[in-house]
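As a plain string of letters, each chain reads:
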Amino acid sequence: MKLLSIIIPTYNMAALLPRCLDSLVSAQRAETLDILVVNDGSKDSSLQVAQQYAYKYPSIIHVIDKPNGNYGSTINAALPVAKGKYVKVLDSDDWFDTAVLDAFLAAIEPLDADMLVTHFTQIGAKEREVYRYNTMGREPYDYGKIYDFDTVLNDGYIRFFLMHALTYRTELLQSIGYRQTEGVSYTDTEWSCYPTFYANTICFLDLNLYQYNLDREGQTMAPEVLMKSVRQLQTVTDAMLDYYESHVADLSPVRRKWMEQYYINRLRILYKIYLLDMPRADFNAADLGAMDAKYAPICERNGWTVRLYPEKQILRPEDMRD
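What you are looking at is a predicted structure, and each value in this text was computed from that prediction instead of being measured.

## Focus: the packing of helix 10 (residues 253-277) against helix 11 (residues 285-302)
Part 1 of the argument: Packing of helix 10 against helix 11 brings their axes to within 12 Å, and their N-to-C directions diverge by 160°. Relative to helix 11, the element helix 10 is oriented roughly antiparallel. As for the relative orientation of helix 10 and helix 11, their crossing is left-handed in sense. Between helix 10 and helix 11, the contacting residues are E260, L267, L270, Y271, Y274 and L275 on the first element and D287, L288, M291, D292, Y295, C299 and N302 on the second.
Part 2 of the argument: Its residues placed into classes, the contact of helix 10 with helix 11 shows nine nonpolar, one polar and three charged.

This is how it looks when you write it as structure tokens:
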């Protein structure tokens, strides 16, 4: 069995895909990798680039070619055939630190945890920032130690997880029939959420593996793209809320409390986009009213209060968008 499956969603990334794949195949332990490049109906030469790498590294790289279905569909196509002990997603415009990848593979070989958490670097046009799972400079968990997941959530140090930091035990995801929403972007939040309903154990590793590239025109997290994609964000949020209400009865009290805060924050972000971040020219009161009419009953049903800003935080004039 392979040690790590890496799912690489690919759409029109012929220019950047080689950097992504080179960061993997140049690892000393590359033969332990199961790399699944999923071409999502690209209109450029992404498929040909992926096939060239698969021809050169047939025991490591496999290509799945499918019609366009957006991000979630690529995960859904690859996960059922993943052969690694663990599985991680790597976007094709990003890459892994190769030396750290070797260290990561060595570290996870003896581990048996449902969820692994590593650091990542966010790379912008002018700055690089390393994201670590700490709290106000404190790192409360011993690296390499396996913890009970509910114990970690009950500590209150961690409010959410991000896709770039996460690796899962493949069998866990396959056993729950994990799937993401298709046809829209921003479903990486589902990757960070649904498995946490089921994970029993978690391990933190002091490794900065994922290199997250924000310096690309059209990147989905760019503010100008995000503002135009708010309905896609709502579609993903709708799916996540449906998932929560379908599974909440099975959650422990600790996990339910943590999930509630996670979902409340998700709703807060949507309201903040409409009320503070969105340019006035793009704002539509009817759209906001429709969103509120949809989410208000869910909040009432679950006893949630969504505040635009946390309690005791002053809303400054400069926070208001003209």
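## A short note on the environment of M115
Part 1 of the argument: With respect to the helices and strands, M115 occurs in strand 6 (residues 115-123).
Part 2 of the argument: Exposure remark for M115: the relative accessible area of 0% places this residue in the buried category.
Part 3 of the argument: Sequence separation between M115 and L33 is 82 residues, and the spatial gap between their C-alpha atoms is 18 Å.
Part 4 of the argument: Residues within four places of M115 in sequence aside, it is in contact with F149, F161, L166, T167, Y168, T196, A199, T201, I202 and C203.

## A word on the packing of helix 9 (residues 230-247) against helix 10
Part 1 of the argument: With their axes 11 Å apart at the nearest point, helix 9 and helix 10 run at an angle of 160° to one another. Overall, the two elements helix 9 and helix 10 adopt an arrangement that is roughly antiparallel. For the crossing formed where helix 9 meets helix 10, the hand is left-handed. Residue-level contacts link V230, L233, Q234, V236, T237, M240, L241 and Y244 of helix 9 to R256, M259, E260, Y262, Y263, R266, L267, L270, I273 and Y274 of helix 10.
Part 2 of the argument: Tallied by class, residues from the contact of helix 9 with helix 10 come to 13 nonpolar, two polar and three charged.

## Here's the deal with the pairing of strand 3 (residues 61-66)
Part 1 of the argument: Note that strand 2 (residues 33-40) and strand 3 share six bridges and pair parallel. Across the sheet, the residue bridging to V38 is I64, located in strand 3.

## Looking at the nonpolar core
Part 1 of the argument: I8, I35, F161, W191 and Y263 are the most contacted members of the largest nonpolar core, which has 102 residues in total.
Part 2 of the argument: Broken down by element, this core gets its largest block of residues, ten residues, from helix 10.
Part 3 of the argument: Excluding residues that lie within four positions of it along the chain, F161 makes contacts with M115, V117, Y133, F149, L153, L166, S192, T196, I202 and W258.

About the cut-offs
Residues numbered from 1 in each chain as written. Predicted model: local features only at pLDDT ≥ 70, side-chain atom pairs only at ≥ 80, totals over all residues. Heavy atoms only, no water. Axes fitted to C-alpha atoms, helices over the stretch in contact; angles between N-to-C directions. Helix = DSSP H or I, 4+ residues; strand = E, 2+ residues; numbered from the N terminus. Parallel < 35°, antiparallel > 145°, perpendicular 65-115°, else oblique. Left-handed = near helix turned anticlockwise from the far one by under 90°. Contact = heavy atoms within 4.5 Å. Nonpolar A, V, L, I, M, F, W, Y, C, P; charged D, E, K, R; others polar. Buried < 20%, exposed > 50% of the residue type's maximum accessible area, 1.4 Å probe, protein only. Pairing = 2+ DSSP bridges. Core = buried A, V, L, I, M, F, W, Y, C linked by side-chain atoms within 4.5 Å.

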